[in-house]
Amino acid sequence: MSAVIRHNWNREELLALFELPFPALLHRAASVHRTYFDPAQVQVSTLLSVKTGGCPEDCGYCPQAQRYDTGVDAQKLMETDAVVARARQAKAAGASRFCMGAAWRSPKDRDIPKVAAMIREVKALGLETCATLGMLEGHQAKALKDAGLDYYNHNLDTAPDYYDSVIHTRQYQDRLDTLEHVRQAGLKTCCGGIVGMGESREQRAGLLLALANLPAHPDSVPINRLVQVAGTPLHGSAELDPFEFVRMIAVARIIMPRSMVRLSAGRESMSDELQALCFVAGANSIFYGEKLLTTGNPDTAHDRALFDRLGLQPMPVDVEAADHDHPGTVHLDIARSCRQPA
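In this report, we go over the structure that sits alongside the text. What you are looking at is a predicted structure, and each value in this text was computed from that prediction instead of being measured. (Residues numbered from 1 in each chain as written. Predicted model: local features only at pLDDT ≥ 70, side-chain atom pairs only at ≥ 80, totals over all residues. Heavy atoms only, no water.)

## As for the side chain of Ser49
So, point 1. Along the chain, Ser49 turns up in strand β1 (residues 41-51).
So, point 2. Note on Ser49: relative accessible area 11%, which makes it buried.
So, point 3. Of note is the side chain of Ser49, whose polar atom sits 2.5 Å from the side chain of Thr52. (Helix = DSSP H or I, 4+ residues; strand = E, 2+ residues; numbered from the N terminus. Buried < 20%, exposed > 50% of the residue type's maximum accessible area, 1.4 Å probe, protein only. Polar contact = N/O pair within 3.5 Å; in protein donor to acceptor, adjacent residues only side chain to side chain.)

Here it is, written out as structure tokens:
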């Protein structure tokens, strides 16, 4: 099935996709996925919190917000040597991308050289680099690009019309402005959101609509399933139906066919069967390791066993970097090898 790259979707079209019979939706999503990617490959990333806790924001899902009593203590920015040691471990465990997260509303200019040093050293290991540091100004994004940063993560979190139900300390436009600065600096964008925060299906469609109608589709689209943390306002929210989560993955794949669609936060509570459905629906990226910032994640041994059971392989870096602009190209190169997470 061919997939036309569009930036003019409307909500009615997306809701019509959500409402397809489940087998029909998965078939369509899987067909689109095979147009741009080898369905047996999954990109593997590791995420490290390089500066934990003490964030002044009031994001209702976040255990790192200083105003909530979640048991997360504020810590200073890690030293570069310690970050590089963790990156080496991640590479040895099979990761091809290393993401660094800091619980800032936005970094100060004096923080940028310290993060840039981390990026240069991690890049020198042969890993792709990603950072999520909060809102960025244009000159800060350029400095990170000059240091060798590949991706910058900045999530929209939810639909524009549900945003005020979750966050009050910044505006939706602030997030869009940061994404524009990141694109202008020549960085790849990693941008997605969180589901299971009490939003409706229409609002989940609204999140995907906002992502798909950006000037350029995000290179990576992390779909986070809310991890409920005691002490945060969203603790006690009703659990999202698992099949609805799979539908979210499938619709994301259909409307953003060239993007990496990542199973991000919440995998710890997903069964192997649910994850397998997500891979069928077009997810082709995961975080690897026992912790995502401050929340749990399946350990590497479990993920390796799951990959073996499903016949999946880690995606090699050269495939991740390949140009997916040409429909019909399927890569057969098999290699061995704050906030909710990005």
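## What to know about helix α4 (residues 112-123)
Residues spaced three or four apart along an α-helix point in a common direction, a consequence of the helix completing one turn every 3.6 residues.
So, point 1. The first and last C-alpha atoms of α4 sit 16 Å apart over twelve residues, in line with the 16 Å expected at 1.5 Å per residue.
So, point 2. For α4, every residue scored as buried is listed here: Ile112, Val115, Ala116, Met118, Ile119 and Val122. Along α4, the residues classed as buried sweep out an arc of 160° about the axis, all on the same side.
So, point 3. The elements touched by buried residues of α4 are β1, α3 (80-92), β2 (97-102), β3 (128-132) and α5 (138-146). (Expected span 1.5 Å × (residues − 1). Arc of directions from axis to C-beta. Contact = heavy atoms within 4.5 Å.)

## Overview of unusual backbone geometry
So, point 1. In this structure, Asp157 takes a positive phi of about 75° despite not being glycine.
So, point 2. Its place among the elements puts Asp157 in the loop between β4 (151-153) and α6 (172-184).
So, point 3. Asp157 gets classed as buried once you look at its relative accessible area, which sits at 2%.

## Considering the packing of aromatic side chains
So, point 1. One pass over the structure, following the stated rule, counts three aromatic pairs.
So, point 2. Where Tyr163 meets Tyr172, the ring centres are 5.1 Å apart and the plane angle is 85°; that geometry is what we call edge-to-face. Of the two residues examined, Tyr163 and Tyr172, each falls in the buried class.
So, point 3. A ring pair is formed by Phe279 and Phe307, whose centres lie 6.4 Å apart and whose planes are at 90°; its orientation type is edge-to-face. Taken together, the positions of Phe279 in helix α9 (residues 272-280) and Phe307 in helix α10 (residues 300-310) put the pair 28 residues apart, joining distant regions of the chain.
So, point 4. A relative accessible area of 8% places Phe279 in the buried class.
So, point 5. The lysine or arginine in question, Arg97, covers the ring of Tyr151, its NZ or CZ lying 3.8 Å from the ring centre.
So, point 6. Directly above the aromatic system of Phe287 lies the positively charged group of Arg262, at a separation of 4.7 Å from the ring centroid. (Phe/Tyr/Trp six-rings, centres within 6.5 Å; stacked < 30°, edge-to-face > 60°. Lys NZ or Arg CZ within 6 Å of the ring centre and 35° of its normal.)

## Observations concerning the packing of α3 against α4
So, point 1. Where α3 meets α4, the closest approach of the two axes is 9 Å, and the angle between their N-to-C directions is 35°. Between α3 and α4 lies a crossing of right-handed hand. Contacts between α3 and α4 involve Thr80, Val83, Val84 and Ala87 from the first element and Lys114, Ala117, Met118, Glu121 and Val122 from the second.
So, point 2. Considered class by class, the residues forming the contact of α3 with α4 number six nonpolar, one polar and two charged. (Axes fitted to C-alpha atoms, helices over the stretch in contact; angles between N-to-C directions. Left-handed = near helix turned anticlockwise from the far one by under 90°. Nonpolar A, V, L, I, M, F, W, Y, C, P; charged D, E, K, R; others polar.)

Keep in mind that these numbers describe shape and distance, not what the molecule does.
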